[in-house]
Each structure stands twice: as C-alpha cells, then as structure tokens.
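One-letter residues, chain by chain:
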Amino acid sequence: MENQLLDGPAIDRTLKRMAHEIVERNPKVKDIVLIGIRTRGINLSQRLADKIGLIEGSQVPVESLDISFYRDDLSYKYDSKMPKVQPPHFEQDLTGKVVVLVDDVLYTGRTIRAGLDAILSQARPAKIQLAILVDRGHRELPIRADFVGKNLPTSKTEKIAVRLEEVDGSEEVVIIRDR
C-alpha cells in the first residue's frame, strides 16, 4: 500500500527552500560544489544547482558520485558476483571547496558514510555538508543532514520511495507499507 507524501509541486517548493538555505549558510557561492549520489541524488543536485543559479545569478558545479566502491555491505548485497566498481573521479578540484553531498533519502547513514569516504579519498574540501530530500530516521551511524527537505519518521517495515521524472517518469515521494 502506497501513500503519497509529496507531489511534484511540493518537491519543487522543498528544493527551492533548500537552495535558499544552502546559499544562506554558504554566502561564497563560488566555493560550493554539489555532489549527487547516484542515482536520484544526481538529479536532485542538478535541480538544486539550477535553483541556486536563479537565486545568485551564477551556476554552481555539479558532480556525480557512485559510492558502490566504498560500500561496507557489498558482500551482503551480492552473493558471489561482485559488481565491477571504480573509484570516483571528479572534474572539479574539491580541495578547499564547500562540498554539499546530495541524496534522496537518509536512512541508516551507511550510504552517506560511503560518500564521505569516497570524497575524502580524492580531495580535502574545506567542509562537507549534507542535503537530503527525505530524512526517515533509524540511523545506524552518527550522521545528520545539514539541509533536510522533509523529516518523515517511519517504522523499519515501511519504505520511502522518491520518484523523479528524469529517472522514474513521475514526480512524487511515497511511503510504502506492507499490508
């Protein structure tokens, strides 16, 4: 059973607010680099960059990150055939920059930990901040988002699905409950 929590216009309003918060906390926009975690984090980071560009009149760079190489649970997810994964490569020099790591849902914190490991293996940013569309709770690691679109407390049996037009052909955030 699915219940819609955010529709397309609500997601857009949420991202506008988050873009304003990022600019307020980081007035030197030229020092910001947004890094989206594959898959939906990439699309969200591009949308945030576009909104920051409208606010500030200058575009911030966007990078993408596949954190598979840094997961601590690959052996649990893939029995015998491990996927071929590569270390990250960033077009921008992240040294001294304010990196805003962007993802769709924050749950246990393991994906974000892997993202931090990936970034820090390649560069030494001035600071790393975290922007999350949905924080659903249930952290296993001491990780907290700096910019949160929506806090949606859930039970461990529930799931949050973020659907974006670019990836899924629809625009919504839903909670999925077992019957």
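Note that the structure is a prediction, hence the values are computed from the model and not measured. (Residues numbered from 1 in each chain as written. Predicted model: local features only at pLDDT ≥ 70, side-chain atom pairs only at ≥ 80, totals over all residues. Heavy atoms only, no water.)

**Considering the sheet that holds strand E8 (residues 172-176)**
Backbone hydrogen bonds hold the strands of a sheet together, and the pairing may be parallel or antiparallel. If you walk across this open sheet you meet the three strands as E1-E8-E7, and the pairing is antiparallel. With partners counted over all chains shown, the strands left at the sheet margins are strand E1 (2-7) and strand E7 (159-163), one partner each. Going from strand to strand, the sheet's axes swing by 25° on average, the running direction of each strand aside. Looking at chain direction, E7 and E8 are connected through five bridges and run antiparallel. If you follow Ile 160 over to E8, its bridge partner there is Ile 175. Strands E1, E7 and E8 of the sheet are contacted by helix H1 (residues 8-25), whose axis makes an angle of about 45° with E1. (Pairing = 2+ DSSP bridges. Helix = DSSP H or I, 4+ residues; strand = E, 2+ residues; numbered from the N terminus. Axes fitted to C-alpha atoms, helices over the stretch in contact; angles between N-to-C directions. Contact = heavy atoms within 4.5 Å.)

**Re H1**
Its 18 residues give H1 an end-to-end C-alpha distance of 26 Å, which sits within 8% of 26 Å, the value for a rise of 1.5 Å per residue. Regarding H1, the residues found buried are Gly 8, Ala 10, Ile 11, Thr 14, Leu 15, Met 18, Ala 19, Ile 22 and Val 23. A distance of 3.0 Å separates the backbone nitrogen of Ala 10 from a side-chain oxygen at the start of H1, and that oxygen is part of Asp 7. (Expected span 1.5 Å × (residues − 1). Buried < 20%, exposed > 50% of the residue type's maximum accessible area, 1.4 Å probe, protein only. Polar contact = N/O pair within 3.5 Å; in protein donor to acceptor, adjacent residues only side chain to side chain.)

**Remarks on the UniProt feature "short sequence motif: PRPP-binding" (unreviewed entry) in the protein chain**
Within this structure's numbering, the places UniProt gives as "short sequence motif: PRPP-binding" (unreviewed entry) are residues 99-111. Measuring from the first to the last C-alpha atom of residues 99-111 gives 16 Å, for a span that is 15% helix and 62% strand. (UniProt positions renumbered as here; feature names shortened; annotations may be inferred.)

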